[in-house]
Structures are given as C-alpha cells and as structure tokens.
Amino acid sequence: MIFFKTYFRHLLKNKLYTTVTILGFAISLTFILLLSVYIKNELSVDNFQINKDRIYRIESENAPDFSGPIAVDLKNAYPDIEDFTRVYNQEGIITTLSDQKFKLNYLAVDASFFNIFSYPLISGTASEVLKTKNSIVLSESYARKLFGLLSPIGKKVAINDNNTFIVTGIIKDFPENTIFKNPNALINIKAMADITGFKEFLTEYGFCSMNIYFLEKENGNLISKTPQILENFKKDFWLYKEGYAKSLVFTPLKEVYFSSKLGDGVKSNNKTLIMVLSIIVLLILFLAVGNYVNLTVAQATFRSKEVAIKKLVGSTRNKIFIQFIKESLLLCFIAVLIAILFTKLAEPVFNSLLNTKLNLNNNITFINVILLIVFFSIIGIVSGILPALKISSFKPIEVVKGTFRKKSKGVYGNIFITFQYTVTIALLACSWIILKQTHFLQNYDVGFNKSNIILMPYLSDSDKKTTIKNALEQVPGVQEVSFTWGSPLDGGSNQSFEYNGQHLSFQEFRVDSSFFNLLGLKINPTEVAYSKEGIYLNKTALKILGLDPTQTAFQINDKKLPVLGIVDDFNFNDLSKYIGPLMIHQQLEDSYATNIFIKINNENRSETLQKIKSTYTSLIDNIPFEISFVDKIINKWYLKEEKTGKIIGYFTVLSLIISFLGLLAISTFYMQQRRKEISIRKVNGAKTIQILSLLNKNFLKWIGIAFIIAVPISWSLMSRWLENFAYKITLNWQIFVLAGLLTFLIALLTVSWQSFRFTTKKTIDYLRDE
C-alpha cells in the first residue's frame, strides 16, 4: 500500500508528466487494440472451412474467370483433383406462389458445393440439396422474408418469371469471415442455360465468366501439376493459345481473400493494406513505449533526491529497479483501462471507416483476456526496463553534490525525437499524396457525363421497355432515358473473336439510341446505311483492328458487321486500367436489358427522384430496387484508396499528438535542467530572443534531420504505390516541403511556448531553487 500511495502522490505532483504519459499511452493502445482485432479478423477468413487446406481457385495473371468445361477436363485428366465447383454470381427477380416479387442475388454452383465448403445447412443434406437442376437453397434470412415462419421446403418459386425451382434446403446466412458475399440463394449451375437462354453456358470454351474451385485429394499435390496444365492450355485453350493469358496459378482458399483478381460473388481485401496496418500497429506500439521511456528518463533527474535518500537509508539497486518496473506496470494498467473504454467508444467509427464489423464483444473470451493481460504486462515491463536501469544507477554522492543533473544528457530524447518526427513527416506526406490521388481519380474526366444521371436496374420483360421508357420520360424533371445491357459502370461483357488470323478480346455493350446523347458521348458517323446489325467502335478498337476511320464494315468470323460510327474513347473501367477496345451493339425491342440510365434536371431533384421511383415501381409489380447516382458509383470505385488515406491520416494525427505531447514534456524538463544557465545568461545581459534561439535550436535541428530522412523514404513508397494506376498525379517536392514545414511549425510553437515561459520567469526564482 505504501508503494501505491507514494506513486500516486508522485503522479499527482507531476501533472504534466502524468497527463502526457497516460493519455499518450491510452490513445496509442486504443489504436493498437482496434487495429489488432481487425487484422486478426481479416487473417482468420475461412478458418472454419474443414477443407480449407485443400481448396484452390484457378487463376490466370489477369483474372480468375474461366469457362465451364475447363473444370470437367482438369478433373478427368488429373487424379489429384477430388472434386470441383463452378461459381457464377447473378441477380434476378424471384416470384413466390402468392405472386410476390423480390430482388434476388444468388450463386449458381455445382451440386458438390456443400461437400467442398463447410457452410452449415439448417434443412437438407449437403450431397442432396442441389442434386437436381431445378433445386434452390435459400439463406435463413431470405427464407424468412419469402415465407415468414412457414417451412419453405418443397415450395415452388420462379426466377425471372419463367424458371421454376423447388426449395430443397435452408442454409445459415454466410458469416462475415468468409470470401463469399452473403447470397440470398444458391441454385444448381446447370439451370443457368435456361435462365440466360445461352444453351452452351457450361460447354462453351469461349465463355470465360465463372470461377472454378478445386478440392484436392488427401495427400494430393495439385500445385505441382501447374506447369503441365499450363503447357496443355497453351496448346489447346484459346485464352492461352492466343496469348491473352500467359501464367496459371492455383490460389489456396486462404489467399483468395487477398487476391487482386476479384472473383464472382466474393469479397476481397488488400494484403498490402493489412501489412501497412500491421506496420502501423508496431509503429504505434514503438512510439507509445518510446514516448514513455523518453519521458520517464527525462524526468529521472527530478527523482534523483528520492532515489539518493532510499539508497542512503539502505535500499539496494535491485529493490529500486523492481519499484520502477512496478510503477511502469501500474501506469500501463491504468492506460489499458482507459484504452478499453476509448476502444468501445471508437468501434462504430472504425467499423464505418473500414467497412467491417469488429464485434468486440465477441472477442471477450477467457483466452483473449489472459492474452491481453500477458501482452500488456510485457509492454509494461519492457517500457520500464530502461528507465529502471537508468534511475536505479544514480549515485547518492553525485546527487548530494548537485553534479548528477549536469551529467544527464538528452541522448535518448534526441534520438527518439528524430525517429518520432521522421515517422510523422513521412506519414503526413503519404496521406496527402494518397488523398490527392483519390481526389484526382474521383474528379478525372472519364470521357462521359456523370452529373445528374441516375442508374436503376431493369426489372421487367423485354417487351415492356417501350412502355416503361415512355412513362419515365413523362416524369417532370426527366430529360432523357436509356436502356442498356452493360455500361461504363460495369465494364460490359467480354467478346472474344478471330480477326485476320489473330484472336482479339473486346468489351461490348448493347445500348439504345438515347445512350450517346444522355452520356454526352461524341460520335463520328460513317456513311453506311442504317442496319439493326450495325455497331459502334471506340477509337482504341479501330486502332487495334487496323481499320480506317471511314471504314463502313468489318467481319467477325463469318459475320459482316456494318460500322455505324466511331465513338471517342471513354473510360469503362476504374482508372487503374487503360482504355481498351469497345464494341457497342444496338438495344433492339427484343434485346435483353439490365440497366436504365436517366438524366434529370438539377432542380427539385428529390421530388423528381420520388416521382421516378413511384412511376417505375407501379410498372414492375412493386419489386424493390435502388436508385444510384452515376458520379457516386464512380467515386465508390476508389473507396479503398480513400479509406487507406484516411487510416494513414488518422495515424498521422495520432503521431502528431504523441510527438506534440512528448516534445512538450521533454522541452519542459530540458528547460528545468538549464534554468541555472538561463538565469546566469539573463544576469549577464542576454536578451529574451537570444535565449529563445539558444533553447529552440537544439530541438529544431533534430526535426530538420528527421525531415532529411523522411523525404526519400516517403517519396520511394509513394512512387511505388502510384505505379498501380494507369492515370495518376505527378509527385512534386511542394508536398514534402509542406509536410516538413507544418511539422516544423508545430514543433517550433510547442518549444517556443515552453522556452518563453522559462525565459520570462524572474531570475531570482531560479537562483533561489538552485
């Protein structure tokens, strides 16, 4: 009890030290706890899968999209493969027997899906639920939405009106920690031929639009067969034969979540981001511990009399060492309690920032609590070792003579201040560059109008397009309406074909006549007569085909297509990719449409949107849908970059706070150590500005060194990061200078304030203390 009373008395007496140390520690530990739980959750994705070590997804260097028959061919050719499932994500409309219609997001998979993946079924058995072509498995929440408390097993539903399915199973909603987004339902992939009207859906080698997951046999070695499979692909599979893909990899399930190749119906994260966050955790921990060590060592000179007296009355060095380790543990414990409170308060903000669900309450387990206690006990001990060694080594005779303070130099402080401000300047520069690049991406001229244009899904039959278009055009505030299949927002569909002996791969849309004017796309018409088979090409396609701008037709396989016009290039992918070749077909009366684009006035937008929604809803049997603005959809493409910038920005603020508090406390102790010198200089006629310059110079020179170290590090990191974008900003020296000046200014104000306080204090007060 005496120890606690003594230490708390010390903390209360030194309020600046106590506030800076505990608050800095607590804020730092809050970030550490939040980021650690997030990293743990992200690295545990699909850990619950029984076969997680035997599941692989096949990928080329460009994408994980392959054609259906590839799965069958590989299983037949390689004994290492026990089974496979193809996965195709699709949206549609589901209709119940009571004629209720709902929007449906579903996965089309092989019957083996539930034998490969360990998603628990509430009703049905894994080997039976998708055995027949017309079987459908509903998620628990979606089944409740369709049928309430009634059992849906055996009930009939229809997808897109004309495809009837029987409910054969209910599955628990997919958990957060899995690669697949939570679907409303799963169906047998064989039914996709009927749903899409594409009879060769599973047999056409040219249709590379699905992901394939293989289950390796026990003791098999599928990865070792990769070179042989690649060699065969180069001989027989057009994608490799024609050079569109050059490499092949079987990605383990545990790595699929971090793959840069976004798959069908799956979630993903950036492993680089996880690495950056892990480094941030370590940096925060190092800064927090370093700040504590620096402050405690700096303050050690003011506890010299306490230590000297204890030694003179018989206390040993070991006892004093243990005392200061106990103090460090106690302070760490107080900071942890405050950090836990801060963590709980910050959880909603953190979830929103990273689009995740930390579920901190679920992480409160006996094992985690023990790990937390052990981890922070180690931090407390490590933090206390250096100050304890330093303080316990005081010699009473030096303290009595007053020579100890002269020998205490700020070596630790100077090194740590340099490191601290190196991190701060580098982070400040990096966060500005990331946010500047994100702003550049979001405001880049993509080649088409995106303001005041909304997007809705087309949720009716093809023969109702004219009726719906006429009704929407009558809504006040609507300027133009266009129906499309594929668009600049989804990149359209891929079309591969032979042309003059070379295999080409184009993206394609199918649009109506309003599309070009609505998006403000410039067309250079040819002189060819109008034809329903006519197409439009972008300038990149024209260049790749080697056609003249006045060309009126070109031939795909055995089909001659009239070229109605040449469209100026525009982006139809995010700006990490360059503009590719594009072929635009016409949206005819019986053509399948997926999107409705509507251009509206800028006036009374909320009223216009409400009227559009009510008009469209009445025409599609009250099927729920969402209205999105095109510019906001494009901005969402860069959410990852925006969030990365914000995360680094928040850590920069944290680093600035820690640096500010640390420098404030260190400068205070530094001034106290030099108070006799200050008094003597004042007595000898030194002016306030001269003393301020003398006191500030020592700190600011180390911040200058930090700037010199930080600039090349941050420049190199940002140059490599910007290489991921086809369109990017140019790095310039002003950003780095601005980051350095801002940090320098904050440090100057902090130190100058403390220096001014000490310089303007009466000389007699200092000399009396001495």
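Residues numbered from 1 in each chain as written. Predicted model: local features only at pLDDT ≥ 70, side-chain atom pairs only at ≥ 80, totals over all residues. Heavy atoms only, no water.

Q: Even after reading the chapter, I still don't get the overall build of the chain, so can you show me in this structure?
A: When its secondary structure is counted, the chain shows 26 helices and 21 strands. Summarising its shape, the C-alpha atoms of the chain cover approximately 100 × 60 × 55 Å along the three principal directions. Within the span of the chain, comprising 770 residues, buried residues form 51% of the whole. Put simply, of all contacts in the chain between residues at least 6 apart along the chain, 79% involve residues at least 24 apart. Carbon and sulfur atoms make up 57% of the accessible area of the chain, which amounts to about 36,700 Å² in all. (Helix = DSSP H or I, 4+ residues; strand = E, 2+ residues; numbered from the N terminus. Buried < 20%, exposed > 50% of the residue type's maximum accessible area, 1.4 Å probe, protein only. Contact = heavy atoms within 4.5 Å. Areas by Shrake-Rupley, 256 points an atom, 1.4 Å probe, with all protein chains shown as cover.)

Q: What exactly am I supposed to notice about the packing of helix H2 (residues 15-43) against helix H12 (residues 317-354) here?
A: Packed helices, taken two at a time, are described by the angle between their axes plus the distance between the axes. Put simply, H2 and H12 touch, their axes get as near as 7 Å, and they point 45° apart. On the basis of the axis angle, H2 is oblique to H12. In terms of crossing hand, the pair formed by H2 and H12 is right-handed. For the contact of H2 with H12, the per-class residue count stands at 21 nonpolar, three polar and one charged. (Axes fitted to C-alpha atoms, helices over the stretch in contact; angles between N-to-C directions. Parallel < 35°, antiparallel > 145°, perpendicular 65-115°, else oblique. Left-handed = near helix turned anticlockwise from the far one by under 90°. Nonpolar A, V, L, I, M, F, W, Y, C, P; charged D, E, K, R; others polar.)

Q: When you look at the nonpolar core in this model, what are you seeing that I'm missing?
A: Burial of nonpolar side chains together is a common tendency in soluble globular proteins. Formed by 135 residues in total, the largest nonpolar core has its most connected members in Phe-113, Phe-114, Phe-117, Ile-179, Phe-180 and Tyr-213. Residues contacting Phe-180, with those up to four places away along its chain left out, are Val-87, Leu-107, Phe-113, Phe-117, Tyr-119, Phe-174, Tyr-213, Gly-265, Val-266 and Lys-267. Within the second largest apolar cluster, 28 residues are counted, among which are Ile-94, Ile-136, Val-167 and Ile-195. (Core = buried A, V, L, I, M, F, W, Y, C linked by side-chain atoms within 4.5 Å.)

Q: Sorry, what's going on with helix H7 (residues 226-236) here?
A: Since the α-helix advances by 3.6 residues per turn, residues separated by three or four positions end up pointing in the same direction. Within H7, the full set of buried residues consists of Thr-226, Ile-229, Leu-230 and Phe-233. For H7, the angular spread of buried residues about the axis comes to 100°, placing them on one side. Of the exposed residues in H7, the ones pointing more than 90 degrees away from its buried face are Pro-227, Lys-235 and Asp-236. Packing partners of the buried residues in H7 comprise strand S1 (55-60), helix H3 (68-77), helix H8 (238-241) and strand S10 (248-252). (Arc of directions from axis to C-beta.)

Q: What should I look at first to understand the pattern of salt bridges in this one?
A: Where charged atoms of side chains with opposite charge meet at close range, the side chains can pair. Under the defined criterion, the tally for this structure stands at 15 salt bridges. With a closest N to O distance of 3.3 Å, Lys-261 and Glu-59 form a salt bridge. With a gap of 202 residues between them, Lys-261 in the loop between helix H9 (253-256) and helix H10 (271-299) and Glu-59 in strand S1 connect regions that are remote in the sequence. We classify Lys-261 as buried; its relative accessible area is 15%. On the basis of relative accessibility, which here comes to 1%, the residue Glu-59 falls in the buried class. Glu-642 is paired through a salt bridge with Lys-646; the nearest N and O atoms lie 3.6 Å apart. With Glu-642 and Lys-646 both in helix H22 (residues 639-673) and four residues apart, the pair spans about one turn of that helix. Take Lys-646: its relative accessible area is 36%, and that puts it in the partly exposed class. (Salt bridge = Lys/Arg side-chain N within 4 Å of Asp/Glu carboxyl O.)

Q: How do you make sense of a nonpolar patch on the surface when you look at a structure like this?
A: Together, Ile-364, Phe-366, Ile-367, Val-369, Ile-370, Leu-371, Ile-373, Val-374, Ile-378 and Val-382 make up an exposed nonpolar region whose accessible area comes to about 980 Å². Among the structural elements, Leu-371 can be located in helix H13 (residues 366-392). (Patch = residues over 30% accessible without salt bridge, like charges linked within 9 Å, V, L, I, M, F, W, Y side chains within 5 Å.)

Q: In this structure, what is going on with H3? I would like to understand it.
A: Within H3, burial applies to Gly-68, Pro-69, Ile-70, Ala-71 and Leu-74. Looking at the buried positions of H3, the neighbouring elements they touch are S1, strand S2 (81-95), strand S9 (211-216), H7 and S10.

Q: For this particular structure, what's the right way to read the side chain of Lys-469?
A: Mapped onto the secondary structure, Lys-469 falls in helix H17 (residues 465-473). In terms of polar contacts, Lys-469 uses its side chain to reach the backbone carbonyl oxygen of Val-481, at 3.4 Å. Apart from the residues within four sequence positions on either side, Lys-469 is in contact with Val-481, Phe-483, Asp-512 and Ser-514. (Polar contact = N/O pair within 3.5 Å; in protein donor to acceptor, adjacent residues only side chain to side chain.)

Q: Any chance you could explain the pairing of strand S6 (residues 156-159) here in plain terms?
A: If a strand is regular, its side chains alternate between the two faces of the sheet. Where S2 meets S6, two bridges bridge the pair, whose relative direction is antiparallel. Counted as the bridge partner of Ile-94 is Ile-159 from S6. Bridge count for S6 against strand S7 (residues 163-171) is four bridges, and the pairing is antiparallel. By the bridge assignment, Lys-156 is partnered in S7 with Ile-166. Count of turn residues in the S6/S7 antiparallel hairpin: three residues, of which Asn-160 carries a positive phi of about 55°. (Pairing = 2+ DSSP bridges.)

Q: Got a minute to help me understand the packing of aromatic side chains in this structure?
A: The way to describe two aromatic rings as a pair is by their centre distance and the angle between their planes. For the structure on display, the rule yields 41 aromatic pairs. Ring geometry for Tyr-38 versus Phe-350: centroids 6.0 Å apart, planes at 75°, classification edge-to-face. Residue Tyr-38 is found in helix H2, and its partner Phe-350 is found in helix H12; the two are separated by 312 residues along the sequence. Members of the aromatic cluster, each reached through a chain of ring pairs, are Phe-48, Phe-113, Phe-114, Phe-117, Tyr-119, Phe-174, Phe-180 and Tyr-213. (Phe/Tyr/Trp six-rings, centres within 6.5 Å; stacked < 30°, edge-to-face > 60°.)

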